[in-house]
Amino acid sequence: MFARSAITTRTAVPALNAVGQTRNMATLKEIQNRLKSVTNISKITASMKMIASTKTTRAQRAMNVARQYGQVSNDFVKQSEVKKAENAKEILITASSDKGLCGGIHSSLSRYSRRYLNEHPDTPLVVIGDKGKVQLQRVYPQNIAYSFNQIGSTIPTFDESSGISSVILSDKAIEFDNAKLVYNQFVSAIAFETSEIENFPISQIVEAPNFKAYEVQEEVLENLNEFLFANTMHWALVEGHAAEMAAKRTAMENATKNAGDMIQRLTLQYNRGRQTVITNELIEIITGASAL
Amino acid sequence: MALPHEIVLKNKEVNQVDLSAVSGDLGILADHVPTIEQLKPGVIDIMADTGAEKYFVSGGFAIMNPNSVLNINAIEAFKLEDIDAQAVASNLEESQRLASNAKDEITKEAAAIEVELYEALQTALSAKSK
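Quick notes on the rules
Residues numbered from 1 in each chain as written. Chains lettered and ligands numbered in written order. Predicted model: local features only at pLDDT ≥ 70, side-chain atom pairs only at ≥ 80, totals over all residues. Heavy atoms only, no water. Axes fitted to C-alpha atoms, helices over the stretch in contact; angles between N-to-C directions. Helix = DSSP H or I, 4+ residues; strand = E, 2+ residues; numbered from the N terminus. Left-handed = near helix turned anticlockwise from the far one by under 90°. Contact = heavy atoms within 4.5 Å. Nonpolar A, V, L, I, M, F, W, Y, C, P; charged D, E, K, R; others polar. Core = buried A, V, L, I, M, F, W, Y, C linked by side-chain atoms within 4.5 Å. Buried < 20%, exposed > 50% of the residue type's maximum accessible area, 1.4 Å probe, protein only. pLDDT = per-residue confidence, 0-100. Phe/Tyr/Trp six-rings, centres within 6.5 Å; stacked < 30°, edge-to-face > 60°.

Student: What's the story with the packing of helix H2 (residues 105–119) of chain A against helix H3 (residues 130–139) of chain A in this structure? I'm lost.
Tutor: Geometrically, a packed helix pair is captured by the angle between its two axes and the distance between the axes. Residues and elements named next belong to chain A. Interaxial distance between H2 and H3 falls to 9 Å at its minimum, and their mutual angle equals 35 degrees. H3 is crossed by H2, and the crossing has right-handed handedness. For the pair formed by H2 and H3, the contact residues are His106, Ser107, Ser110, Ser113 and Arg114 on the first element and Lys131, Gln135, Leu136 and Val139 on the second. A breakdown of the residues in the contact of H2 with H3 according to their chemical character gives two nonpolar, five polar and two charged.

Laid out in structure tokens, this is it:
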């Protein structure tokens, strides 16, 4: 009886163990694969973070210059204390970019733009950057007058900014007085805020209370208008680019950290699984040996 | 004086600034009447107590504000000594050729602007060496 029970146990246990082992083996392989892929992903995000941080330092330096350039250009506008005309026609220009993986940059811009377009549905819209275009096209396709791409992978140059502004200004089909440039303001390396720069047309500035003091020739006013627009555009684009690079860096840092956490969890799971398999094998051997 | 890619001068106390404007050359002293001038390619001469500095600018705007602050937005600015006379001469020839061979208005205009720029550069450089 004792021997029979031992025999029955011996045949029963290996069968159970075989199934248990195959189950464990399959899970072990799965976990190993996941571990491999997550490790690869973490390497990629870590290198993307490094690239983004070098781009951020460079972009920040360019932004400081472009910001001052834009502010200098707008200094006399501020001093003139110009007020927006009552029924001024507006145009909304959203400065996003083509690349993703930068956190909430593009959705924040499109949310701001959508909120404005909700209240002013007739405003023509110019979108710079494919990511922004895709989001805004879904809700306001009829407003989009122009869209630009190939912007945002490098620091925007004045060439690009003035090119964009000349295209917008020379299109007679789009009439506008004031331009609202929606961009992401660089608050810090980990924070940005979507805001706008208001660009006044020269026609309103000459009506401003303090503008009478300035001596200026008629002929240069048109050029001044274009120049002012291009300068403000340049400021918005470069600062937006800096904010995006910083956000990309943060996003990649978080991704790498999350991947690291996953790797730790998976490794623990894997080791526990491995130990379970070994323990089961040992049990099998020992019970088999003790039966003899 | 601000360029899109560089702030050349900031909050500098100066005595006089000579500009080359579209409306003509002018010198701006402190408390000058507020003016807005479009700059043509030429030399900006900045005279301060510390000495005089000359920059060649490609164009832009100079705005004198009521608070005696002169703001200059230019696209490119370089000290005269950093400019290569040889390159100027050869580029001038190139642009003149382009201007005469130009088929359409836009190319002609663009080349004419280049010619104006290089001629101004040459004048500036020869004036300096005088």
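That shown, we press on.
Student: Explanation requested: the nonpolar core in the structure shown.
Tutor: Nonpolar side chains in soluble globular proteins generally cluster together in the buried interior. In terms of nonpolar packing, the biggest core is built from 21 residues, with Phe76, Val77, Ile205, Phe211 and Leu224 of chain A together with Ile36 of chain B touching the most fellow members. With six residues, helix H6 (residues 218–291) of chain A is the single largest residue contributor to this core. Other than its neighbours up to four places away in sequence, Leu224 of chain A contacts Phe76 and Ile202 of chain A together with Ile36, Phe61 and Ile63 of chain B. Within the second largest apolar cluster, 20 residues are counted, among which are Ile128, Ile174, Leu181 and Met233 of chain A.

Student: Mind showing me how you'd approach the confidence of the model for chain B here?
Tutor: Reading predicted coordinates in detail is not appropriate for stretches of low pLDDT. The predicted model of chain B has a mean per-residue pLDDT of 86, with 98% of residues at 70 or higher. Here the prediction assigns the complex a pTM of 0.84, and the interface score ipTM is 0.86.

Student: Just checking my understanding: could you explain the packing of aromatic side chains for this structure?
Tutor: Any aromatic ring pair is given by two values, namely how distant the centres are and how the planes are angled relative to each other. Residue and element names in this part refer to chain A. On inspection of all chains with the given rule, the structure shows six aromatic pairs over all chains. Arranged with centres 5.9 Å apart and planes meeting at 80 degrees, the rings of Tyr69 and Phe158 form a pair that is edge-to-face. Linking Tyr69 in helix H1 (residues 2–80) with Phe158 in helix H4 (residues 158–170), this pair joins segments that are 89 residues apart in sequence. Pair check on accessibility: Tyr69 and Phe158 agree, each one buried. Ring centres 6.1 Å apart and planes at 25 degrees place the aromatic pair Tyr146 and Phe148 in the stacked group. You can call Tyr146 partly exposed: its relative accessible area is 26%. One aromatic cluster is present, formed by Phe76, Phe211 and Tyr214 through successive ring pairs.

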